[in-house]
Amino acid sequence: MKNYLSSTAPEPSGMDRRGFLYQSSILAMTLASPHWSDLFKDSRMGIVVHSYGNRWNSKTESKEFPGFMNAIDLLEHSAAIGAGGIQVVVRDWSEELVKKLRTRTESLGMFLEGSIGVPASNTEVPRFERELLRAKEAGVTILRTVCSSGRRYETYHSIGEFKAARLKALNSLQLAVPILKKHKMKLAVENHKDWRADELVAMIKQVQSEWVGVTLDFGNSIALMEDPMQVVRSLAPYVFTTHVKDMGLDEYPDGFLLSEVPMGLGMLDLPEMVAICKKHNPDVKFNLEMITRDPLEIPCLKESYWASFEKKEATELARSLRMVKQNKFKTELPRTSQLDNEAKLKLEEKNILECLSYSKNTLALK
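Cut-offs and rules
- Residues numbered from 1 in each chain as written.
- Predicted model: local features only at pLDDT ≥ 70, side-chain atom pairs only at ≥ 80, totals over all residues.
- Heavy atoms only, no water.
- Pairing = 2+ DSSP bridges.
- Helix = DSSP H or I, 4+ residues; strand = E, 2+ residues; numbered from the N terminus.
- Axes fitted to C-alpha atoms, helices over the stretch in contact; angles between N-to-C directions.
- Contact = heavy atoms within 4.5 Å.
- Buried < 20%, exposed > 50% of the residue type's maximum accessible area, 1.4 Å probe, protein only.
- Right-handed = clockwise from strand over helix to strand, strands pointing away.
- Salt bridge = Lys/Arg side-chain N within 4 Å of Asp/Glu carboxyl O.
- Phe/Tyr/Trp six-rings, centres within 6.5 Å; stacked < 30°, edge-to-face > 60°.
- Lys NZ or Arg CZ within 6 Å of the ring centre and 35° of its normal.

(A) Representation of the sheet that holds strand S11 (residues 296-298) in the model. Taken in spatial order, the 3 strands of this open sheet run S8-S9-S11, and their pairing is antiparallel. Whereas interior strands pair on both sides, the edge strands pair on one side only; in this sheet they are strand S8 (246-252) and S11. Neighbour-to-neighbour, the strand axes of the sheet open up by a mean angle of 30 degrees, direction not taken into account. Pairing of S8 with strand S9 (residues 255-261), which is carried by 7 bridges, proceeds in the antiparallel orientation. Looking across to S9, one finds that Glu251 is bridged to Phe256. Each of S8 and S9 is contacted by helix H10 (residues 314-326), which is oriented at about 100 degrees to S8, the strand it contacts most.

Written out as structure tokens, the structure is:
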């Protein structure tokens, strides 16, 4: 970018000179304003609470990696390591915590997103509204949610069970819409290893509300035999927020292994995925979900895996297994089960710091 205020820039004359000096003074005051950071606060990568699965509410006594007991702890640490915001569970927030969160988030120039459970029935609507209002008071405008009870291939054992779950999810969203509209809050449904992209799009369209969109997870849908780039293209028109991650793959006898790995080491085209999201929603938030754990087993070669799918496409299975072979992780996928608690905490922090560095240097989220 050219520096039009540098000493080497040509000096305007006459009325142009006065205009130039006026605009320069305005720019100087703007740069000095405490609210200047607000223009940039959404550009840095945020951190999803699940990235700190080992440290969140940790009972491990550690001087170097003390546990996060609440959202304030997570916010302060995220600020210290250069993140732009956090996405954290909204549950049992006290009035005092809400005030502290709002004050501290604003003073740090960060963003705050919430994670909330949708109402399963009419009796849960008051609970949903209470939690939503607490989140709004804290400065949250986007709430992430999931509409299933677990991973599709582990939780549902027939197409009938899955259809019932899908109907229940649709009912929950329809119950939430009047509350969202009333308080002008956005709810973003995640592709949480449950809905395939076309199923999630169909549900969003059926709800027909400007207040309901998508939390676009960059890697989850690989577990459902979907092409990750196609998932991003399909869901980006509805994206409110994101879970950004990179994925490592490997083979195992019943299918393949799937693991979050530090960004830049996996097989996802993260710069392109970020660009697609920005194209559809220039205000979209990017949140790191780097979960440090053992690889997940995706048993796609077992008949039971396919029980909840209406269509069992051999071409999708073949494409997914070919993708695994072509993008097999260069070394053994990282594991944590053999580590003690302190070592897990150390590796978790290392992975998150590496991802934040990549987001700044490669994704230009800074």
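That was the structure; now back to the text.
(B) Local environment of the pairing of strand S4 (residues 142-145). Because side chains alternate across S4, one face comprises the buried residues Ile142 and Arg144, and the other comprises Leu143 and Thr145, equally buried. Both strand S3 (residues 111-115) and S4 contribute to a ladder of 2 bridges, which runs parallel. Within the sheet, the bridge partner assigned to Ser115 lies in S4 and is Arg144. One crossover worth recording links S3 to the parallel S4 by way of helix H4 (residues 125-137), and it is right-handed. With 4 bridges connecting them, S4 and strand S5 (residues 186-190) associate as parallel partners. When the bridges of S5 are listed, Arg144 appears paired with Ala188.

(C) Geometry of the environment of Ala197. In this structure, Ala197 sits in helix H7 (residues 197-207). By relative accessible area, which is 5% here, Ala197 ends up buried. Expressed as a C-alpha distance, the spacing of Ala197 and Glu226, which sit 29 residues apart in the sequence, is 8.2 Å. Once you skip the residues sitting within four places of it in the chain, Ala197 turns out to touch Glu226, Val231, Ser234 and Leu235.

(D) Structural context of the side chain of Arg144. Among the secondary structure elements, Arg144 is positioned in strand S4. Classification of Arg144 by relative accessible area gives buried; the value is 8%. Not counting residues within four places of it along the chain, the set of residues in contact with Arg144 comprises His50, Gln87, Gly114, Ser115, Ile116, Ala188, Glu190, His192, Thr215 and His243.

(E) Just the pattern of salt bridges, in detail. Under the defined criterion, the tally for this structure stands at 25 salt bridges. Two residues, Lys182 and Glu129, come together in a salt bridge whose shortest N-O distance is 3.1 Å. Within this pair, whereas Lys182 is found in helix H6 (residues 159-183), its partner Glu129 is found in helix H4, the two being separated by 53 residues in sequence. A relative accessible area of 56% means that Lys182 is categorised as exposed. For Glu129, a relative accessible area of 17% corresponds to the buried category. Here the salt bridges do not stand alone but share partners, grouping Arg152, Lys163, Arg166, Glu199 and Glu310 into one network.

(F) Spatial organisation of the packing of aromatic side chains. Inspection of the entire model under this criterion finds 7 aromatic pairs. Between the aromatic rings of Tyr305 and Phe309, the centroid separation amounts to 5.5 Å while the plane-to-plane angle is 20 degrees, which identifies the pairing as stacked. Since its relative accessible area comes to 1%, Tyr305 is described here as buried. Take Phe309: its relative accessible area is 3%, and that puts it in the buried class. With a centroid separation of 5.4 Å and 55 degrees between ring planes, the pair formed by Trp306 and Phe309 is classed as tilted. There is no split in this pair, since Trp306 and Phe309 are both buried. Aromatic ring contacts, followed pair by pair, group Tyr153, Tyr305, Trp306 and Phe309 into a single cluster. Of note, Arg152 hangs over the ring of Phe309, and the distance from its end group to the ring centre comes to 4.3 Å.

From the geometry alone we can't say anything about function, so treat these as descriptive.
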